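Descriptive analysis of the structure
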2 protein chains.
Amino acid sequence: MVGKVFFSVSMSLDGFVAPEGRMGEPNWTARWMELQQWIFPQRFFRENLKLGEGGQEGRENDILRETFERTGASVMGKRMFDLGEQAWPEEAPFHTPVFVVTHEKRAPWERPGGTTFHFINDGIGTALDQARRAAGDRDVRIAGGGATIVEYVNAGLIDEFSIALSPVLFGSGIRLFEGVDAGRVALEPVRAEPTQRVTHLRYAVRPR
Amino acid sequence: MVGKVFFSVSMSLDGFVAPEGRMGEPNWTARWMELQQWIFPQRFFRENLKLGEGGQEGRENDILRETFERTGASVMGKRMFDLGEQAWPEEAPFHTPVFVVTHEKRAPWERPGGTTFHFINDGIGTALDQARRAAGDRDVRIAGGGATIVEYVNAGLIDEFSIALSPVLFGSGIRLFEGVDAGRVALEPVRAEPTQRVTHLRYAVRPR
C-alpha cells in the first residue's frame, strides 16, 4: 500500500491563502488570523505547538488531528521554510521528516520532537520521491506555499485537494491557484463538510 | 416584511464565473457547461426553458426551484442583458420584472410568460429600488454578471451570497470577486450543502 499525496490549506472565499502585504505586519496578521480562525482555539493545535492545556474538542479538532496523523512526511518550498524558520518553536510542529525544495545546499537540520528538515536541490520530483520513501504507507503533505502546491498540481503529482473554505474575502494577496494548468486536472468531490465556521472540502484528482 | 437582496451563481473552485474567451466558441461553451453541469439535467431547468418533459428530481432540482420561487424581481448589467437577448428563448426564463442597468434609453420590453425588461439609466441604486418595489415581499436577485454583482457588494447592498461551488478549475476567465472591496463586508456562513456534484454555499452579509 502506498500513501497519497495531498495538500491541506485554508482558502478565502475569493481564492487567497495569504493576504496582501508583508507577513507579520499588524494588518497582514489580522487578516491571516481571520482566515485561520477555525484552527487556533483547537485543542490539537495548542497541544502540537505546546501552547498549554485546554482548547476546543469536536469535529474541527478531529479534522486537524486526522490531517496530522495521516502525514508521514511533508514537502515545502524555500519561501515557506524561510518564514517558518523564524516562526516555528524550537520543537517544530511537523514531528516527521520535511523536504525543502531549494537551491541552497545545507546539511539536514534536526529539531527536537522528531522534525528533520532535508534540503533538496534537484527539484520537486526528487523531493517527493524522498518524502514518499520517508512516509512509508502514510501520506505525503505538500505543505506549501501556494506556488509550490501549484507546481505539484501542474506536474500531475497531487492525488487530493483538502481545502478549508473560510468565510472571508481578501480582494488581493496570494492566490492558491495562481498559474494552475486548468486543463491538467479533473476534480471529483469527495467530501464537503461544514463545521462551525468553515467548509471542509476534499477533492480527488483524476487525469483529464 | 421586506425581501432580501441576493445573488446566486455557479463558481469554479478557483473563483471564476465564466471561462476565458468569447461566449459561444466551442472551447468556451465546453468549460462553461462543465461549470453549470449540475443545472442542465434538472427537471425545473427543463420546464422553465420549455425544453420538454422529464429531468432529474431531488435536492438539486429543489434548490433551483427555491431560488426561482423566492425571486420577485431581478437586476442585471447591460452586458449580461446583451448576451441573454440573443440566447434566451422568446419566453425569457425570469417570469418577473427584470431591471437592466444601462446607459441605453429604451422602452420596457415585455416578453410572453411574464418577463418584462426595464432599462434603468440612473445607476444601481435606482435599479434596486425599483426591483424592490416590484418584488413586494419576495427577494431581489442580482442576476449578474460578475461586475454588476461586485458593484452591489461594494455598495453594501447585498444581504446574501449564494454560490454553487463547482469542482472545476478555469485558471483564467471572469472572476466573481474581481475588484471586491474586501474591507466592506463580513460573511457569516448560513449553509453549506453538498449535492451530487457541487457544494451549495450561503453566506449572510454583515457590516464590518
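Scroll up to find the structure this text is about.
Presented here is a report on the structure given in the accompanying data block.

The rules behind these values
Residues numbered from 1 in each chain as written. Chains lettered and ligands numbered in written order. Predicted model: local features only at pLDDT ≥ 70, side-chain atom pairs only at ≥ 80, totals over all residues. Heavy atoms only, no water. Least-squares fit on C-alpha atoms with pLDDT ≥ 70 in both. Contact = heavy atoms within 4.5 Å. Buried area = accessible area lost by both parts, 1.4 Å probe. Salt bridge = Lys/Arg side-chain N within 4 Å of Asp/Glu carboxyl O. Pairing = 2+ DSSP bridges. Helix = DSSP H or I, 4+ residues; strand = E, 2+ residues; numbered from the N terminus. Axes fitted to C-alpha atoms, helices over the stretch in contact; angles between N-to-C directions. Buried < 20%, exposed > 50% of the residue type's maximum accessible area, 1.4 Å probe, protein only. Core = buried A, V, L, I, M, F, W, Y, C linked by side-chain atoms within 4.5 Å. Phe/Tyr/Trp six-rings, centres within 6.5 Å; stacked < 30°, edge-to-face > 60°. Lys NZ or Arg CZ within 6 Å of the ring centre and 35° of its normal.

Observations regarding the relation of the copies chain A and chain B
The two copies are related by a screw operation: chain A maps onto chain B through 180 degrees of rotation and 0.0 Å of translation along the axis, at an RMSD of 0.0 Å. Both copies are brought into coincidence by an operation consistent with a two-fold rotation axis. Identified as the residue of chain A closest to the rotation axis by C-alpha distance is Gly15(A), at 3.0 Å. When you check the interface residues of chain A against chain B, 100% turn up at the interface there too, and the contact is symmetric in its surfaces.

Overview of the interface of chain A and chain B
Tallying the contact residues gives 26 residues for chain A and 26 residues for chain B. Of the roughly 2,300 Å² buried between chain A and chain B, counting both surfaces, carbon and sulfur atoms make up 67%. Of all residues in chain A, Leu13(A), Pro167(A) and Leu169(A) bury the most surface against chain B, accounting for 25% of the area lost on that side. Between the two partners, chain A and chain B, sit 0 salt bridges.

A short note on the sheet that holds strand E7 (residues 139–144) of chain A
All names here are of chain A. Reading across the sheet, the 9 strands line up as E5-E6-E4-E3-E7-E1-E8-E11-E10 and stay open at both edges, with mixed pairing between neighbours. The sheet terminates laterally at strand E5 (109–110) and strand E10 (185–194), the two strands that pair on one side only. Alignment of E10 against strand E11 (residues 199–207), held across 9 bridges, turns out to be antiparallel. Counted as the bridge partner of Ala186 is Arg206 from E11. Lying over the sheet, helix H5 (residues 123–135) contacts strand E1 (5–12), strand E3 (71–77), strand E4 (97–101), strand E6 (116–120) and E7, oriented at roughly 175 degrees with respect to E4.

Structural notes on the pairing of E6(A)
All names here are of chain A. Counting buried residues in E6 gives 4 out of 5 residues, a clear majority hidden from the surface. As defined by bridge partners, E4 adjoins E6 across 5 bridges and the pair is classed as parallel. Its bridge partner lying in E6, Val101 is registered against Ile120. One ladder, built from 2 bridges, connects E5 with E6; its direction is antiparallel. Across the sheet, the residue bridging to Glu110 is Thr116, located in E6. With antiparallel pairing between neighbouring strands as the criterion, E5 and E6 make up a hairpin whose turn holds 5 residues, including Gly113 at a positive phi of roughly 95 degrees.

Re unusual backbone geometry
Of note, the bond from Gly144(A) into Gly145(A) is cis; its omega dihedral lies within 30 degrees of zero at -5 degrees. Here Gly145(A) lies in the loop between E7 and helix H6 (146–154). A positive phi angle, close to 60 degrees, is found at His95(A), a residue other than glycine. A positive phi angle, near 55 degrees, is found at Lys50(B), a position not held by glycine. Checked against the element boundaries, Lys50(B) lands in the loop between helix H2 (43–48) and helix H3 (59–70).

Concerning the environment of Leu13(A)
Relative to the assigned elements, Leu13(A) resides in the loop between E1 and strand E2 (16–19). What makes Leu13(A) buried here is its relative accessible area of 1%. Considering only alpha carbons, one finds Leu13(A) and Val2(A), 11 residues apart in sequence, at a separation of 33 Å. Leaving out residues up to four positions away in the same chain, Leu13(A) has contacts with Leu165(A), Ser166(A), Val168(A), Leu169(A), Met11(B), Phe161(B), Ile163(B), Phe177(B), Leu187(B), Leu201(B) and Tyr203(B).

Quick notes on the pairing of strand E11 (residues 199–207) of chain B
Side chains on a regular strand alternate between the two faces of the sheet. When strand E8 (residues 160–166) of chain B meets E11(B), the two strands line up antiparallel, connected through 6 bridges. Opposite Ala164(B), over in E11(B), you have His200(B) as the bridge partner.

A look at the sheet that holds strand E6 (residues 116–120) of chain B
Residue and element names in this part refer to chain B. In spatial order, the strands read E5-E6-E4-E3-E7-E1-E8-E11-E10; together these 9 strands make up an open sheet with mixed pairing. For this open sheet the edge positions go to strand E5 (109–110) and strand E10 (185–194), each flanked by a neighbour on one side alone. Relative to strand E7 (residues 139–144), strand E1 (residues 5–12) runs parallel, the two being bridged by 2 bridges. When the sheet's bridge partners are listed, Phe6 is paired in E7 with Arg141. The sheet strands contacting helix H6 (residues 146–154) are E1, strand E3 (71–77), strand E4 (97–101), E7, E8 and E10, and the helix crosses E7 at an angle near 135 degrees.

Regarding the nonpolar core
By size, the foremost hydrophobic cluster in this structure holds 74 residues, and its most contacted members are Phe7(A), Leu13(A), Phe161(A), Phe7(B), Leu13(B) and Phe161(B). With residues near it in sequence (within four places) discarded, Phe7(B) still touches Ile142(B), Ile149(B), Val153(B), Ile158(B), Glu160(B), Phe161(B), Ser162(B), Ile163(B), Leu176(B) and Phe177(B).

Notes on the packing of aromatic side chains
All told, the structure shown has 28 aromatic pairs over all chains when counted by the stated rule. Ring plane angle 55 degrees and centroid distance 6.2 Å describe the contact between Phe81(A) and Trp88(A), whose orientation is recorded as tilted. Judged by relative accessible area, Phe81(A) falls into the buried class, the value being 0%. Seen from their ring centres, Phe44(B) and Phe68(B) are 5.2 Å apart, and the 50 degrees between their planes marks the pair as tilted. Of this pair, Phe44(B) sits in helix H2 while Phe68(B) sits in helix H3, placing them 24 residues apart in sequence. Judged by its relative accessible area of 9%, Phe44(B) falls in the buried class. The ring of Phe6(A) carries Arg70(A) above its face, with NZ or CZ at 3.8 Å from the centroid.

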